[in-house]
Amino acid sequence: VPIAVAVARHFPMYTAKSVRGGGRGGVERGRVALGGAVLVAQTASSSPLSCDLDEETSARVVAVAGAVRLASRVVDTPPAAMDPDALVGEAAAAAAELAGPTYGLDVAFDSLRYDALKAIGFGGLVAVGDAAARDGREPALVHVKYRPHGAAEEGPRSVRKIALVGKGITYDTGGLQIKGKSGMPGMKTDMGGAAAALGAFKALCQLRPSPRVELHLVLCIAENAVGPGAFRPDDVIAPLSGRTVEVNNTDAEGRLVLADGVAYASGTLGCDDVIDVATLTGAQMIATGKNFAGIVSDDEAMERACVVAGRASGDLAHPLPYAPEFFTKEFRSKIADMKNSVKDRSNAQTSCAGQFIANHLDRGWNRADPDGSGEETEGRIRRRWLHVDMAGPATNKDGRGTGYGVALLVHLISGELYAEGK
């Protein structure tokens, strides 16, 4: 699989270069290459390093490589074309394909747009996406659900519910605290987490994970634009979690939309595991470099499994500190439950950003007494959170999308950690 992923990354699917043979003067403008199937070929060899690919491995190679190319294309497409509507459409198309005659899976698609988001209380998505919404580019929360066959008959607790929550900022100007002329180019890639989550979800469904795994895809989609409706520093917003946030940095918008996403996944959907994936902080590259994602988790087994999956898939990942007792204080606010950006930028920024997201998990997360009744809940499943900051490995040195995260998530959820739905 790592070899197939490496090859797939060298054949990106998006281009708008002129080509000979059409249009005025024999030149066709704006051509976008969307085709190109992934094929697996094996040559006979007497080398001791050669191996036979079984049918299962071949299927995994095709699914993962194809999903990597999908994620790369979504990231590479210019923001005028890959706006919130288009990203919602990508998820809808993937869901339709999985539920269609080719795969025939139990996959359901749903999306919430501006008015519904505002009415329900998705304060993070509404605030970040408000300016673009005035021009018709409304924010969205996409939810796609895969349920294994036979799960309904076995009862609701027969499966472990996993949510892949992706940051889908289709373009990030920085908001009113606007990025400079060198900081803004390339910000079409700020939806790399959503692209990775979408690609991994599609590949996992094609491969049919453990029958004891129910998979949820949650995409938090918005454009962080500048305009009359832009949210401001000093605004106080109320994400879905109900924990209020004083805005002190409009360019720390990804964590605001993810706050809504993880609250929805852990609370409304009641997922057991919440894995959020994002191009979240430039500080990640200082902490773990451009080849390793930085990961933060509240569960040691999940953290270890992610590192192992990274080594097996080639999507490398390295753990960062999880210490709420040290990092929560970085967001202290005099007027709200927290601010959205740290006070001390030299105090583990990437871990702090992850902690901000964790602050918006369901209030009963991993508490023996989740409803405050004074009685412990017997047989309560241990819930796990994993944060993947992939700001560095999401793009290569040329600024092209790498599809990072697809192979990592497929290996993680197909691995030993979930072998028995545990």
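Residues numbered from 1 in each chain as written. Predicted model: local features only at pLDDT ≥ 70, side-chain atom pairs only at ≥ 80, totals over all residues. Heavy atoms only, no water.

Colleague: I tried to follow the overall build of the chain on my own but got confused; where do I start?
Modeller: A tally of helices and strands in the chain yields 13 helices and 13 strands. When the 422 residues of the chain are sorted by exposure, 54% land in the buried category. Counting only contacts in the chain whose residues sit at least 6 apart along the sequence, the fraction spanning at least 24 positions is 75%. Entry remark: accessible area of the chain is about 18500 Å², with carbon and sulfur atoms responsible for 51%. (Helix = DSSP H or I, 4+ residues; strand = E, 2+ residues; numbered from the N terminus. Buried < 20%, exposed > 50% of the residue type's maximum accessible area, 1.4 Å probe, protein only. Contact = heavy atoms within 4.5 Å. Areas by Shrake-Rupley, 256 points an atom, 1.4 Å probe, with all protein chains shown as cover.)

Colleague: Hey, could you run me through the side chain of Ser 266 in this one?
Modeller: Within the secondary structure, Ser 266 is located in helix H8 (residues 254-268). In this structure Ser 266 comes out as buried when scored by relative accessible area, which is 1%. Here Val 262 takes part through its backbone oxygen, which lies 2.6 Å from a polar atom of the side chain of Ser 266. A distance of 2.8 Å separates a polar atom in the side chain of Ser 266 from the backbone nitrogen of Asp 362. Beyond its immediate stretch of four places on either side in the chain, Ser 266 contacts Cys 271, Val 274, Leu 361, Asp 362, Trp 365 and Arg 383. (Polar contact = N/O pair within 3.5 Å; in protein donor to acceptor, adjacent residues only side chain to side chain.)

Colleague: What am I meant to see in the pairing of strand S6 (residues 213-224) here?
Modeller: Remember that side chains alternate between the two faces of the sheet whenever the strand is regular. Of all the twelve residues making up S6, twelve are buried; the element is thus mostly covered by neighbouring parts of the structure. In S6, alternate side chains face the same way, and those of Val 213, Leu 215, Leu 217, Leu 219, Ile 221 and Glu 223 on one face and Glu 214, His 216, Val 218, Cys 220, Ala 222 and Asn 224 on the other are all buried. Pairing geometry for strand S5 (residues 160-172) and S6, over eleven bridges, is parallel. Paired with Ile 162 across the bridge in S6 is Leu 215. Crossover S5 to S6 through helix H7 (residues 192-207) is right-handed. (Pairing = 2+ DSSP bridges. Right-handed = clockwise from strand over helix to strand, strands pointing away.)

Colleague: Help me understand the pattern of salt bridges, please; the structure alone is not making it clear to me.
Modeller: Side chains that carry opposite charge are capable of pairing whenever their charged atoms lie near each other. Evaluation of the coordinates by the stated rule reveals 18 salt bridges. One salt bridge connects Arg 382 with Asp 299, and the closest N-O pair in it is separated by 3.6 Å. Of this pair, Arg 382 sits in the loop between helix H12 (349-358) and strand S13 (384-389) while Asp 299 is found in the loop between strand S10 (293-297) and helix H10 (300-313), placing the two residues 83 residues apart along the sequence. Asp 299 gets classed as buried once you look at its relative accessible area, which sits at 12%. Taken together, the shared-partner salt bridges in this structure form one network comprising Arg 160, Asp 273 and Arg 384. (Salt bridge = Lys/Arg side-chain N within 4 Å of Asp/Glu carboxyl O.)

Colleague: Looking at this model, I keep getting lost on the sheet that holds strand S8 (residues 245-246). Mind explaining?
Modeller: Within a sheet, each strand pairs with its neighbour through backbone hydrogen bonds, oriented either parallel or antiparallel. As summarised here, the arrangement of the three strands in space is S7-S8-S12, forming an open sheet in which the pairing is mixed. Among the strands making up the open sheet, the edge pair consists of strand S7 (236-237) and strand S12 (338-339). In the sheet, S8 pairs with S12 via two bridges, with the strands oriented parallel. Bridge assignment links Val 245 to a residue of S12, and that residue is Met 338.

Colleague: So what exactly am I meant to see when it comes to a nonpolar patch on the surface here?
Modeller: Judged by side-chain polarity, Ile 3, Val 7 and Phe 11 come together as a nonpolar surface patch covering roughly 340 Å² of accessible area. Inspection of the secondary structure assignment puts Phe 11 in the loop between helix H1 (2-9) and strand S1 (19-20). What makes Phe 11 exposed here is its relative accessible area of 52%. (Patch = residues over 30% accessible without salt bridge, like charges linked within 9 Å, V, L, I, M, F, W, Y side chains within 5 Å.)

Colleague: Mind showing me how you'd approach the environment of Thr 15 here?
Modeller: When you line up the elements, Thr 15 lands in the loop between H1 and S1. We classify Thr 15 as partly exposed; its relative accessible area is 28%. Each C-alpha atom of the pair Thr 15 and Thr 77 lies 8.2 Å from the other, and the pair is 62 residues apart in sequence.

Colleague: Which parts of the structure should I look at to understand a positive patch on the surface?
Modeller: On the surface, Lys 329, Arg 332, Lys 334 and Lys 343 cluster together into a patch of positive charge. Mapped onto the secondary structure, Lys 334 falls in the loop between helix H11 (324-327) and S12. (Lys, Arg positive; Asp, Glu negative; His and termini not counted. Charge placed at Lys NZ, Arg CZ, Asp CG, Glu CD.)

Colleague: Sorry if this is basic, but what is going on with the nonpolar core here?
Modeller: In this structure, Leu 164, Phe 201 and Ile 275 are the most contacted members of the largest nonpolar core, which totals 68 residues. Ranked by size, the runner-up nonpolar core spans 47 residues in total, among them Tyr 114, Leu 269, Ala 358 and Trp 365. (Core = buried A, V, L, I, M, F, W, Y, C linked by side-chain atoms within 4.5 Å.)

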